[in-house]
2 protein chains.
Amino acid sequence: MPEERRDELEAILSEEQVRSLQLIETLRGIRPEDLARLLVYFDPDDKIQIFEHLEKEPAAEVLNETDPTSREEILSTAKTEKLAPIIELMPPDEAADLVSGMPSERRSPLLRLTPALADEIRPLLLYDPETAGGRMTPEFVSVAHGETAGGAMLAIQGSIDAEWVNYVYVLDEHGRLAGTLSIRDLISSKPETPIEAIMTLDVISAPAEMDQEEVARLIDTYHLSAVPVVDDGGKMLGIVTVDDAIDVIQSEASEDMYQLAGTTAPHPTAQRLHRVALGRIPYLTVTLLGGLLIVFVESRFKGFLETYIAIAMFIPVIIGMAGNVGIQSSTIVVRGLATGEIQPERLLSVLWREVIVGITLGGVFGIACGGAAAILANVLELGTPLGSAVGLGMFSGLCVASLFGGLVPIACHRLKMDPAIAAGPFVTTLNDLTALSVYLWISLVVIGNP
Amino acid sequence: MPEERRDELEAILSEEQVRSLQLIETLRGIRPEDLARLLVYFDPDDKIQIFEHLEKEPAAEVLNETDPTSREEILSTAKTEKLAPIIELMPPDEAADLVSGMPSERRSPLLRLTPALADEIRPLLLYDPETAGGRMTPEFVSVAHGETAGGAMLAIQGSIDAEWVNYVYVLDEHGRLAGTLSIRDLISSKPETPIEAIMTLDVISAPAEMDQEEVARLIDTYHLSAVPVVDDGGKMLGIVTVDDAIDVIQSEASEDMYQLAGTTAPHPTAQRLHRVALGRIPYLTVTLLGGLLIVFVESRFKGFLETYIAIAMFIPVIIGMAGNVGIQSSTIVVRGLATGEIQPERLLSVLWREVIVGITLGGVFGIACGGAAAILANVLELGTPLGSAVGLGMFSGLCVASLFGGLVPIACHRLKMDPAIAAGPFVTTLNDLTALSVYLWISLVVIGNP
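Residues numbered from 1 in each chain as written. Chains lettered and ligands numbered in written order. Predicted model: local features only at pLDDT ≥ 70, side-chain atom pairs only at ≥ 80, totals over all residues. Heavy atoms only, no water.

Visitor: With reference to specific residues and values, describe helix 17 (residues 273-300) of chain A.
Guide: If you check helix 17 of chain A, its first and last C-alpha atoms are 40 Å apart, about what 28 residues at 1.5 Å a residue would give, namely 40 Å. Of all bends in helix 17 of chain A, the biggest is about 35°, found at Ile281 of chain A, and the proline Pro282 of chain A comes one to four residues later. (Helix = DSSP H or I, 4+ residues; strand = E, 2+ residues; numbered from the N terminus. Expected span 1.5 Å × (residues − 1). Bend = angle between axes of the 7 residues up to and from the residue.)

See below:
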């Protein structure tokens, strides 16, 4: 369905003289969320054309939801006078993210044109965008202690901006969060009921500095539709809503996956190609340097390998398997930490489990590969008694790989580094090198110097 | 905080004679969601002790939220008479999932004890658990066409079971979904307002057979707190709520990550160890077989490699880099398809982008690695003119790796297979083999047969 609209839009935009009325009419028939996803298909010029023909409200939504490259293209081209009223319509948290990403020569004139917005987003800009404070919207429904259910209902009716009305927050005289009222309890209560009688006192809240991943985990664990954000003194500042939590969960999962694979670009299919390529160079450089170290280690065994070339032939098998086992352990630790399935104090028991699994797999594949090596040595006439060297090399390679695969992300976590960054190519390189060294050393011991 | 509770629980359970009253008291002080996550730390016997000392409502929540292994242990041990009233308290969609996972000799007596629940979940069992129909709850608030805002408010007050009251669904005389009412519009309307005047006609709904990932994507894209599920005739059957969508998003991301790394177990840190090890064997077998094929290819070049051992030494570098580039492309395609960032008809353009990036990286690292090889050949006295063979081998290896890395998951997607299953070890093995063959062949052409 959105796809047909895309063809329609392309046809209109490809005409010599774009017919504005027809474009406006077509855009009215597309949901802003769909349009936001379709923009990636269009040239920068066409994106601007589309954006300029939108009404203010859908324009605000498209700007908010679209991929970062399209957003950047629109923000850098559209006139400030055109942008200001659109950004004013955005939820303050999203407007703050957008404004904080703009170059200051664009930001200052924009904020001068939108004084009310500037006041509203200034406090939000104080927080790291990846914390509860950076993610929250200051628009929520609240009532003072001592009010009635009817008063709370009036507060909901009067809060035009707040989108999320599932909860009404009860604040004391100092603005501190005292309890919450669910909309369902309000509807079922008589208007004169004091809110103290129906409010929930056991409120889950997030300090403003809490990392966004943790905030998302609170929303996920306790099935909340919004979590209140409070400052050090317990004063309520805003709420983070469940749709923000979904964004956080999606983007953190993507980030971890891309980092495990050794690439950094968020939205890699919407980025310019040279950025995508540049983003992969650091990781591939780690792999290359690791590879050159492998060559160095091999060169220490040059005479041995020349005589027993079959030992060299099995190097890719050993390090391929070790790399695979290592990345399995790393992925389990990285993902477990991200979803909260692994609590930090359980890390050592998880590591221990991985090592036991590594020893088991080492046993199974040591025997399988050692056997296969003994047979291949005969069939392919490799002329070296390979079985025990390859089998033992595989066994020890997999044991070490499961240990390092688990240990490196755990160490990163302890050192407050992102476990996913180090766990990809770095772990693989480390495991390759260790497995290789152990295998060559065992081979030398088993077969003996020529 | 939940951690202190864990120590407290452990202390109570470790006593010779567990003091029931103390255990009940301690359990009352722990949120069921926290207890569900803590269970993984306890022995099967202790899990049962905890479960049996819970009140019915928290017991239902713990059973629903805990990890699959703990759930299985409780379900297989607890008495049917004890379980029945607890399962009756669970939301019907979750009770259905739970019951459908039980062996039939346990299921039948349970359903006989809970006739009302049996009636309610029977229609849910008709659907694949990973579809909209399998995920939905049949409990939602609805009003008939022709009602007033006041009537809709009464319907909300009367719906004790429905947890999600953000929307009231308007049904026509055949039970077909005609529109939705938001709770906010209801609160702001006079009771006598006809619902036709305030309801939204443009409703996003999901057919019962829709895959759960797509349902989650609808909720994410359109920022819904619930999506109505309809049958072929448009009759409304239930709703899938945003907390279900979060579960789906989390578990599908975990599944993709684990599969890319070559391991299948969901909740790998809560599974029994032999299952974790068994789950990795198929993938490692693919890697091993690929490795043995590598040995076979190398053996065809045995004489050449014996003479020019340095060529053999660079094999791990070439295939390591090719494996890395391949998994980058695969990850981008797999994740892009999962998040909806890549729409299916954009796949070929994404593949094309990956190939261009691969060619660029091949150029950069071909030159870097070729140069390094030429230098190392001198420094380590490897005695072979390596530079051009290694450089060209690297270049072509990376080009091919980006092509296969993108192509394999795309092909899987077209063949309606899960792209993540094939994209991990399978792509790496394919890339290793291709890169190796191309490299050895180029080396032979450049250096010549000894």
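Next comes the rest of the description.
Visitor: With reference to specific residues and values, describe a nonpolar patch on the surface.
Guide: Residues and elements named next belong to chain A. On the surface, Leu392, Trp441, Val445 and Val446 cluster together into a nonpolar patch covering about 410 Å² of accessible area. No other element matches the 3 residues that helix 24 (residues 425-447) contributes to the nonpolar patch. Looking at the element boundaries, Val445 is found in helix 24. Relative accessible area serves as the criterion here: at 57%, Val445 is assigned to the exposed category. (Patch = residues over 30% accessible without salt bridge, like charges linked within 9 Å, V, L, I, M, F, W, Y side chains within 5 Å. Areas by Shrake-Rupley, 256 points an atom, 1.4 Å probe, with all protein chains shown as cover. Salt bridge = Lys/Arg side-chain N within 4 Å of Asp/Glu carboxyl O. Buried < 20%, exposed > 50% of the residue type's maximum accessible area, 1.4 Å probe, protein only.)

Visitor: Would you mind going over the interface of chain A and chain B in detail, with residue names and values included?
Guide: The partner chain B presents 115 residues to the 114 residues of chain A that form the contact. The junction of chain A with chain B conceals about 10400 Å² of combined surface from both sides, 63% of it contributed by carbon and sulfur atoms. A per-residue breakdown of the area chain A buries against chain B is headed by Arg184, Met257 and Thr269 of chain A, which together make up 7% of the total. Seen at the junction of chain A and chain B, the total is 4 salt bridges. For Glu354 of chain A, the salt bridge is made with Arg280 of chain B, and the minimal N-O distance between the two is 3.0 Å. (Contact = heavy atoms within 4.5 Å. Buried area = accessible area lost by both parts, 1.4 Å probe.)

Visitor: Account for the sheet that holds strand 5 (residues 226-230) of chain B, naming residues and giving values.
Guide: Residues and elements named next belong to chain B. With mixed pairing, 3 strands are arranged side by side in an open sheet as 4-5-6. Unpaired on one side and paired on the other, strand 4 (206-207) and strand 6 (236-241) mark the two borders of the sheet. Bridge count for strand 4 against strand 5 is 2 bridges, and the pairing is parallel. Within strand 5, the position partnered with Pro207 by the bridge is Val230. (Pairing = 2+ DSSP bridges.)

Visitor: Break down the pattern of salt bridges for me, with residues and values.
Guide: According to the stated counting rule, one finds 22 salt bridges over all chains in the structure shown. Arg31 of chain B is the partner of Asp202 of chain A in a salt bridge, and the nearest nitrogen-oxygen pair spans 2.5 Å. On the criterion of chain membership, the pair formed by Asp202 of chain A in the loop between helix 14 (195-198) and strand 4 (206-207) and Arg31 of chain B in the loop between helix 2 (20-28) and helix 3 (32-38) is interchain, its members lying in two chains. The exposure class of Arg31 of chain B is partly exposed, given its relative accessible area of 27%.

Visitor: Let's hear about the sheet that holds strand 3 (residues 177-182) of chain B: which residues, and what values?
Guide: Residue and element names in this part refer to chain B. The strand order across the open sheet built from 3 strands is 1-2-3, with neighbouring strands paired in mixed fashion. Edge positions in the sheet fall to strand 1 (142-144) and strand 3, since each has one partner strand and no second. Averaged over all pairs of adjacent strands, the angle between their axes in this sheet comes to 30°, without regard to strand direction. When strand 1 meets strand 2 (residues 167-171), the two strands line up parallel, connected through 3 bridges. Bridging from a neighbouring strand, Ser142 pairs with Tyr169 of strand 2. Here helix 12 (residues 149-158) sits on the sheet in contact with strand 1, strand 2 and strand 3, set at roughly 145° to strand 1. (Axes fitted to C-alpha atoms, helices over the stretch in contact; angles between N-to-C directions.)

Visitor: Talk me through the packing of helix 4 (residues 44-52) of chain A against helix 6 (residues 68-77) of chain A; I want residue IDs and the actual numbers.
Guide: All names here are of chain A. It is at 10 Å that the axes of helix 4 and helix 6 come closest, and there the two elements cross at 70°. Of the possible angle classes, the one that applies to helix 4 and helix 6 is roughly perpendicular. Every residue of helix 6 that contacts helix 4 at Pro44, Lys47, Ile48 and Phe51 is listed here: Ser70, Glu73, Ile74 and Thr77. Partitioned by chemical class, the residues of the contact of helix 4 with helix 6 number 4 nonpolar, 2 polar and 2 charged. (Parallel < 35°, antiparallel > 145°, perpendicular 65-115°, else oblique. Nonpolar A, V, L, I, M, F, W, Y, C, P; charged D, E, K, R; others polar.)

Visitor: Please give an account of the side chain of Thr131 of chain A that cites residues and values.
Guide: Residue and element names in this part refer to chain A. Topologically, Thr131 is positioned in the loop between helix 10 (115-125) and helix 11 (132-135). The exposure class assigned to Thr131 is buried, which follows from its relative accessible area of 10%. Excluding its chain neighbours within four sequence positions, the residues that come into contact with Thr131 are Ala208, Glu209, Met210, Asp211 and Gln212.

Visitor: Explain the relation of the copies chain A and chain B to me, using residue names and the numbers behind them.
Guide: The operation relating chain A to chain B is a screw motion whose rotation component is 180°, with 0.0 Å of axial translation and a residual RMSD of 0.1 Å. Classification of the inter-copy transformation places it as that of a two-fold axis. A symmetric contact is evident, with 100% of the interface residues of chain A recurring at the interface of chain B. (Least-squares fit on C-alpha atoms with pLDDT ≥ 70 in both.)

Visitor: Report on empty space enclosed by the protein, specifying residues and quantitative values.
Guide: Applying the stated rule across the entire model yields 7 cavities of 30 Å³ or more. There is about 770 Å³ of room inside the largest cavity. In terms of lining residues, the largest cavity is bounded by 42 residues, among which Gly323, Asn324 and Thr428 of chain A together with Gly323 and Thr428 of chain B are the most central. Residue assignment for the lining of the largest cavity shows that the elements contributing at least two residues are helix 16 (242-261), helix 17, helix 20 (315-339) and helix 24 of chain A together with helix 16 (242-261), helix 17 (273-300), helix 20 (315-339) and helix 24 (425-447) of chain B. Classifying every residue of the lining of the largest cavity by side-chain character gives 20 nonpolar, 20 polar and 2 charged. (1 Å grid on protein atoms, 1.4 Å probe; cavity = no way out; pocket = protein on both sides within 12 Å on 5 of 7 lines; lining within 4 Å. Points joined across faces, edges and corners; volume = space filled by probe spheres on them.)

Visitor: How would you summarise the packing of aromatic side chains if you had to cite specific residues and measurements?
Guide: Counting across every chain of the model gives 6 aromatic pairs over all chains. On the basis of an interplanar angle of 55° and a centroid distance of 6.3 Å, the ring pair of Tyr167 of chain A and Tyr169 of chain A is categorised as tilted. Using a relative accessible area of 2% as the deciding quantity, one classes Tyr169 of chain A as buried. Residues Phe304 of chain B and Tyr308 of chain B carry aromatic rings whose centres are separated by 5.3 Å and whose planes lie at 65° to one another, so their mutual orientation is edge-to-face. Per residue, the accessibility class of Phe304 of chain B equals that of Tyr308 of chain B, and both read buried. An aromatic cluster of three or more residues is present, and its members are Phe140, Tyr167 and Tyr169 of chain A. Over the ring of Tyr41 of chain B we find Arg346 of chain A; its NZ or CZ atom is 5.7 Å from the centre of that ring. (Phe/Tyr/Trp six-rings, centres within 6.5 Å; stacked < 30°, edge-to-face > 60°. Lys NZ or Arg CZ within 6 Å of the ring centre and 35° of its normal.)

Visitor: Can you tell me about the pairing of strand 3 of chain B, naming the residues and giving the values?
Guide: All names here are of chain B. In terms of strand pairing, strand 2 meets strand 3 through 5 bridges, oriented antiparallel. Paired with Tyr167 across the two strands is Ser182, which belongs to strand 3. Taken together, strand 2 and the strand that follows it, strand 3, pair antiparallel across an intervening segment of 5 residues, in which Gly175 is found at a positive phi of about 80°.

Visitor: So what about the packing of helix 5 (residues 56-65) of chain A against helix 7 (residues 80-89) of chain A? Which residues, and what values?
Guide: All names here are of chain A. Contact pair helix 5 / helix 7: the axes reach a minimum separation of 8 Å and the direction vectors enclose 80°. Regarding the angle of helix 5 to helix 7, the classification is roughly perpendicular. Between helix 5 and helix 7, the contacting residues are Lys56, Glu57, Ala59, Ala60 and Leu63 on the first element and Leu83, Pro85, Ile86, Ile87 and Leu89 on the second. Here the residues of the contact of helix 5 with helix 7 are counted per class, giving 8 nonpolar, no polar and 2 charged.

Visitor: Run through unusual backbone geometry, naming residues and quoting values.
Guide: All names here are of chain A. Backbone geometry places His223, a non-glycine residue, at a positive phi of 50°. Position of His223 relative to the elements: it lies in the loop between helix 15 (212-221) and strand 5 (226-230). On the basis of relative accessible area, His223 is assigned to the partly exposed category, the value being 22%.

Visitor: Tell me about the side chain of Asp220 of chain A, residues and numbers included.
Guide: Mapped onto the fold, Asp220 of chain A is located in helix 15. Of the buried charged residues, Asp220 of chain A lacks a salt bridge, with Arg37 of chain B as the closest side chain of opposite charge at 4.8 Å. Setting aside anything within four residues of it in sequence, one finds Asp220 of chain A in contact with Ile246, Asp247 and Gln250 of chain B. (Lys, Arg positive; Asp, Glu negative; His and termini not counted.)

Visitor: Requested: an account of a negative patch on the surface, with residues and values cited.
Guide: Residues Asp128, Glu130, Asp211, Glu214 and Glu255 of chain A make up a contiguous surface patch of negative charge. On the basis of relative accessible area, Glu255 of chain A is assigned to the partly exposed category, the value being 30%. (Charge placed at Lys NZ, Arg CZ, Asp CG, Glu CD.)

Visitor: Give a description of the pairing of strand 5 of chain B that names residues and reports values.
Guide: Residue and element names in this part refer to chain B. For strand 5, the tally of buried residues reaches 5 of 5 residues, placing the bulk of the element in the interior. The side-chain alternation of strand 5 yields two buried faces, one formed by Ala226, Pro228 and Val230 and the other by Val227 and Val229. Of the strand pairs in this sheet, strand 5 and strand 6 are connected by 5 bridges, and their pairing is antiparallel. Residue pairing for strand 6: Ala226 is matched across the bridge by Thr241.

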